[in-house]
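Given next are the chains, with one letter for each unit.
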Amino acid sequence: MSKKILVVDDEKLIVKGIRFSLEQEGMEVDCAYDGEEALEYARRCEYDLVLLDVMLPKLDGFQVCQQIREFSDMPIVMLTAKSEDMDKILGLEYGADDYITKPFNPLELVARVKSSLRRYTMLGSCAGTKKNYVVGSLEIDDEAKIVTVDGEQVRLTPIEYQILLLLVQNPGRVFSTQQIYENIWNEEAYGAENTVAVHIRHIREKIEINPKEPRYLKVVWGVGYKIEK
């Protein structure tokens, strides 16, 4: 079954090029050229991936990302200017899963999209035969991809889910930022500290009663992160 991608950018030539490249790979592509149109598409369809530019008319990419997160956990990859590191962090803060910097080579973009799709469709693939993980009142049903805390379901984005699953599968083990990034993103961790830290904070805000005094997701200062046994 072909993957369905939403491409959002106000530069029509860029959209045309991305669409052509993705369709050549057998993907189905919808295109939007402003923030309001992007939200309309996202509300009508659950996409396998959204490529979302930061600079958009009507609503910017951050606003679109934030509003999509109110009703969906579909994967969102921001398109950010190469020099704008703050845009990358802001995108993650508003709920994006990852980012691709502009300008990009079409082949590079296709490779990153394929990598992201593999990551999102193979959630929990390394879990072996075990499908349920329990740490205190935190439970992951990996078959259904459901996380509950004290019996209440918690909504996580695909990246957040993968990070939490990795840690829960290895209770007590400390993972460095580099190890988390390389396990989840399947690429070398160059300057990945902020990316991982933002996702970790989002997970804490969702699974902890008091994120400042976490029961589950602990920081081992100067080393990394772990799930408390």
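Up top you'll find the structure we're talking about.
Scope of this entry: the structure provided in the associated data block. All values derive from a computational prediction rather than experimental measurement.

Attention now goes to the overall build of the protein chain. Counting its secondary structure elements, the protein chain contains eight helices and eleven strands. In terms of overall size, the protein chain behaves like a compact globule, its C-alpha atoms giving a radius of gyration of 18 Å where 229 residues would be expected to give roughly 17 Å. Projected onto its principal axes, the C-alpha positions of the protein chain cover 50 × 35 × 30 Å. Across the 229 residues in the protein chain, those meeting the buried criterion constitute 50%. Of all intrachain contacts in the protein chain linking residues separated by at least 6 positions in sequence, the fraction that spans at least 24 positions is 57%.

By the secondary structure assignment, Leu 107 is in helix α5 (residues 106-121). Distance in space between the C-alpha atoms of Leu 107 and Leu 22 is 9.7 Å, their sequence separation being 85 residues.

With that settled, the discussion passes to the environment of Leu 138. Mapped onto the elements of the fold, Leu 138 is located in strand β7 (residues 138-141). For Leu 138, the contacting residues outside a window of four places in its chain are Tyr 133, Val 147, Thr 148, Val 149, Leu 164, Val 168, Ile 207 and Tyr 216.

Counted under the stated rule, the structure contains two aromatic pairs. Summarising the aromatic geometry, the rings of Tyr 181 and Trp 185 are spaced 4.4 Å apart at their centres and angled 5° between planes, so their arrangement reads as stacked. In this pair, Tyr 181 and Trp 185 both sit in helix α7 (residues 177-185), four residues apart, roughly one turn of the helix. One exposure class covers both Tyr 181 and Trp 185, and it is buried. The ring of Tyr 33 carries Lys 12 above its face, with NZ or CZ at 5.2 Å from the centroid. The ring of Tyr 41 is capped by Arg 44, whose NZ or CZ atom sits 4.9 Å from the centre of that ring.

In this section: the packing of helix α6 (residues 158-168) against α7. Running from amino to carboxyl end, α6 crosses α7 at an angle of 120°, the nearest separation of the two axes being 10 Å. Viewed along their axes, α6 and α7 adopt a mutual orientation that is oblique. Between α6 and α7 lies a crossing whose hand is right-handed. Along its contact with α6, which presents Ile 159, Gln 162, Ile 163 and Leu 166, the element α7 presents Ile 180, Asn 183, Ile 184 and Trp 185. Considered class by class, the residues forming the contact of α6 with α7 number six nonpolar, two polar and no charged.

Another point: the pairing of strand β10 (residues 217-220). Here four bridges tie β10 to strand β11 (residues 224-227), and the two strands are oriented antiparallel to one another. Each bridged residue has a counterpart across the sheet, and for Leu 217 the counterpart in β11 is Ile 227. Hairpin connection, β10 to β11: the antiparallel pair is bridged by three residues, and Gly 222 has positive phi, about 80°.

Calculation criteria
- Residues numbered from 1 in each chain as written.
- Predicted model: local features only at pLDDT ≥ 70, side-chain atom pairs only at ≥ 80, totals over all residues.
- Heavy atoms only, no water.
- Helix = DSSP H or I, 4+ residues; strand = E, 2+ residues; numbered from the N terminus.
- Rg over C-alpha atoms; globule rule 2.2 N^0.38 Å.
- Buried < 20%, exposed > 50% of the residue type's maximum accessible area, 1.4 Å probe, protein only.
- Contact = heavy atoms within 4.5 Å.
- Phe/Tyr/Trp six-rings, centres within 6.5 Å; stacked < 30°, edge-to-face > 60°.
- Lys NZ or Arg CZ within 6 Å of the ring centre and 35° of its normal.
- Axes fitted to C-alpha atoms, helices over the stretch in contact; angles between N-to-C directions.
- Parallel < 35°, antiparallel > 145°, perpendicular 65-115°, else oblique.
- Left-handed = near helix turned anticlockwise from the far one by under 90°.
- Nonpolar A, V, L, I, M, F, W, Y, C, P; charged D, E, K, R; others polar.
- Pairing = 2+ DSSP bridges.

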